[in-house]
Amino acid sequence: QQQVKQSPQSLIVQKGGISIINCAYENTAFDYFPWYQQFPGKGPALLIAIRPDVSEKKEGRFTISFNKSAKQFSLHIMDSQPGDSATYFCAVYNQGGKLIFGQGTELSVKP
Amino acid sequence: DTEVTQTPKHLVMGMTNKKSLKCEQHMGHRAMYWYKQKAKKPPELMFVYSYEKLSINESVPSRFSPECPNSSLLNLHLHALQPEDSALYLCASGRTINEKLFFGSGTQLSVL
């Protein structure tokens, strides 16, 4: 079974700080690496995704960094805000074309 | 319309009841999914439909029965569930398999 290791499990950051969440995978069948954001009582929403033809992608305060040789990718949230408090999941596609999620990171941004 | 709509939002049922969850999308997506999510855990794949045909069943117990009546609708029929089946049930859709997924807000199911 495809393993996707996400860390840390929980993260507390002060408002204005940088939040960093890491994800490591074993193998993938499809070169597309998304991060999902989930608020309590809601379904996950696609936040940002990267294809490995680039090593970094930035959308506003959110940046994905990708290291193909190390099979790792990370999410950086710059100028973190209390409204960013949510659970974040990385995900990869396995050989069966199934989207497999990491265990999640519960982010809390303190005012 | 970029929404995946799930009904009901909340459902409480007894172990002998029969109920159904409904999912609808009007984005022209041809891949539709059911996921199950326990509290503080990632979503776990249950079923995948591609072009209205069941393509993946993740060894889900037969008390869960999916149905895809047309390209916009996905149902999950529930019968004789167990208390451990209590969870958030999420529907998702994508243009095709391996395309990015759009999730609904889920149905919070409690089995008494």
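See above for the structure.
Owing to the predicted nature of the structure, the values given are computational and were not obtained by experimental measurement.

S.K.: Hey, could you run me through the sheet that holds strand 7 (residues 62–67) of chain A in this one?
M.R.: Pairing between the strands of a sheet comes from backbone hydrogen bonds, and it takes one of two forms, parallel or antiparallel. All names here are of chain A. Within the open sheet, the five strands sit side by side as 1-3-8-7-6. Their pairing is antiparallel. At either margin of the open sheet sits one strand with a lone partner, and together these are strand 1 (4–7) and strand 6 (56–59). Within this sheet the neighbouring strands show an average axis-to-axis angle of 15°, counted without direction. Where strand 7 and strand 8 (residues 72–77) come together, six bridges link them in antiparallel fashion. By the bridge assignment, Ile64 is partnered in strand 8 with Leu75.

S.K.: Before we go on, may I ask you to explain the interface of chain A and chain B in this structure?
M.R.: Many analyses report the size of an interface as the accessible area lost when the parts associate. Tallying the contact residues gives 19 residues for chain A and 19 residues for chain B. Each partner contributes to the roughly 1,500 Å² buried at the junction of chain A and chain B, and carbon and sulfur atoms together form 55% of this total. For chain A, the biggest contributors to the area lost against chain B are Pro44, Lys98 and Phe101 of chain A; these three give 28% of the whole. At the boundary of chain A with chain B, the tally comes to two salt bridges. The interface formed by chain A and chain B includes five residue pairs in polar contact (both at pLDDT 80 or more). Counting residues per element, the ones that place at least two in the side of chain A that touches chain B are strand 4 (33–38), strand 9 (86–93) and strand 10 (99–101) of chain A. In terms of residue class, the side of chain A that touches chain B is made up of nine nonpolar, seven polar and three charged.

S.K.: Would you explain the packing of aromatic side chains in this entry?
M.R.: Working definition: an aromatic ring pair is given by the centre-to-centre distance plus the angle between the planes. Residues and elements named next belong to chain A. Summed over the entire model, instances satisfying the criterion amount to 15 aromatic pairs over all chains. Between Trp35 and Phe73, the ring centres sit 5.6 Å apart and the planes meet at 65°, which makes this aromatic pair edge-to-face. One end of the pair, Trp35, is in strand 4; the other, Phe73, is in strand 8, with 38 residues separating them in the sequence. According to the relative accessible area criterion, Trp35 is buried, its value standing at 0%.

S.K.: What am I meant to see in the sheet that holds strand 8 (residues 73–79) of chain B here?
M.R.: Residue and element names in this part refer to chain B. The sheet built from four strands is open, its strands ordered 1-3-8-7 with antiparallel pairing. With partners counted over all chains shown, the strands left at the sheet margins are strand 1 (4–7) and strand 7 (64–70), one partner each. Across the sheet, the mean angle separating the axes of adjacent strands is 20° when strand polarity is ignored. Across seven bridges, strand 3 (residues 18–25) lies against strand 8 in antiparallel orientation. When the sheet's bridge partners are listed, Lys18 is paired in strand 8 with His79.

The rules we used
Residues numbered from 1 in each chain as written. Chains lettered and ligands numbered in written order. Predicted model: local features only at pLDDT ≥ 70, side-chain atom pairs only at ≥ 80, totals over all residues. Heavy atoms only, no water. Pairing = 2+ DSSP bridges. Helix = DSSP H or I, 4+ residues; strand = E, 2+ residues; numbered from the N terminus. Axes fitted to C-alpha atoms, helices over the stretch in contact; angles between N-to-C directions. Contact = heavy atoms within 4.5 Å. Buried area = accessible area lost by both parts, 1.4 Å probe. Salt bridge = Lys/Arg side-chain N within 4 Å of Asp/Glu carboxyl O. Polar contact = N/O pair within 3.5 Å; in protein donor to acceptor, adjacent residues only side chain to side chain. Nonpolar A, V, L, I, M, F, W, Y, C, P; charged D, E, K, R; others polar. Phe/Tyr/Trp six-rings, centres within 6.5 Å; stacked < 30°, edge-to-face > 60°. Buried < 20%, exposed > 50% of the residue type's maximum accessible area, 1.4 Å probe, protein only.

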